[in-house]
Amino acid sequence: YLSYRDIKVGFLSIEMDKESLADRLLSIESDVNHLCFHARDSLSDESMRSVKMSAENLSVLPIYIDDADAKIDDVERKCRKLKKMGCQVIFIDQLSKIRGVAGQTKFETYTDNCSTIALLKKELRLPIFLLCQLNRNVVQRQDKKPELSDLKQTGMLEEDADMVF
């Protein structure tokens, strides 16, 4: 039986810097709003204890975060390095922030990047979670449940993904 504490995770955070990501993780674990972390005297003693305990719990987790700006070839190189470091799952946040080849449209860049990441997943033989934005159509519908067609500018994502959730 494995717990989430036993799984080495690689996280390519092209969207958010690692300090902000760490704040969000700490906020979730401690159930304290991350905006309070930087406001003087905004945490109660109870909240401070929760944050400290959560920080201790998170500090031992095998999570490797890379927050550098990236082109698709950088993403490939970093994913291979994370695999060599023993990561068992990789998260990439997010598709629209991965730069493509000069002169390509956004649609062509997204399509090429999706295909490249699908091949990389096959090569590395580990799950890669590629985060992607939704277009704004979902907020205009009565049923707010996202559909595949709500994925922003991603023709190949539907085809290359094993699962979309």
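Residues numbered from 1 in each chain as written. Predicted model: local features only at pLDDT ≥ 70, side-chain atom pairs only at ≥ 80, totals over all residues. Heavy atoms only, no water.

What follows deals with the pattern of salt bridges. The full count for this structure, using the stated rule, is 6 salt bridges. Two residues, arginine 80 and glutamate 76, come together in a salt bridge whose shortest N-O distance is 3.8 Å. Taken together, the residues arginine 80 and glutamate 76, both in helix α3 (residues 72–84) and 4 residues apart, mark about one turn of the helix. A residue is classified by how much of its surface remains accessible, and glutamate 76, at 21% relative accessible area, is partly exposed. Through salt bridges with shared partners, one network takes in Glu76, Arg80 and Glu123. (Salt bridge = Lys/Arg side-chain N within 4 Å of Asp/Glu carboxyl O. Helix = DSSP H or I, 4+ residues; strand = E, 2+ residues; numbered from the N terminus. Buried < 20%, exposed > 50% of the residue type's maximum accessible area, 1.4 Å probe, protein only.)

A separate point is the packing of aromatic side chains. Inspection of the entire model under this criterion finds 3 aromatic pairs. Arranged with centres 6.0 Å apart and planes meeting at 25°, the rings of phenylalanine 11 and phenylalanine 91 form a pair that is stacked. Separated by 80 residues along the polypeptide, phenylalanine 11 in strand β1 (residues 9–13) and phenylalanine 91 in strand β3 (residues 89–93) bring together distant segments of the chain. For phenylalanine 11, a relative accessible area of 16% puts it in the buried group. Each ring, one from phenylalanine 91 and one from phenylalanine 129, has its centre 4.7 Å from the other, and the planes form 15°; the classification is stacked. With phenylalanine 91 in strand β3 and phenylalanine 129 in strand β4 (residues 128–131), this residue pair connects regions lying 38 residues apart in the sequence. Judged by relative accessible area, which is 25%, phenylalanine 91 ranks as partly exposed. Taken together, the ring pairs connect Phe11, Phe91, Phe129 and Phe165 into an aromatic cluster. (Phe/Tyr/Trp six-rings, centres within 6.5 Å; stacked < 30°, edge-to-face > 60°.)

It is worth stressing that arrangement in space is one thing and function is another; only the former is reported here.
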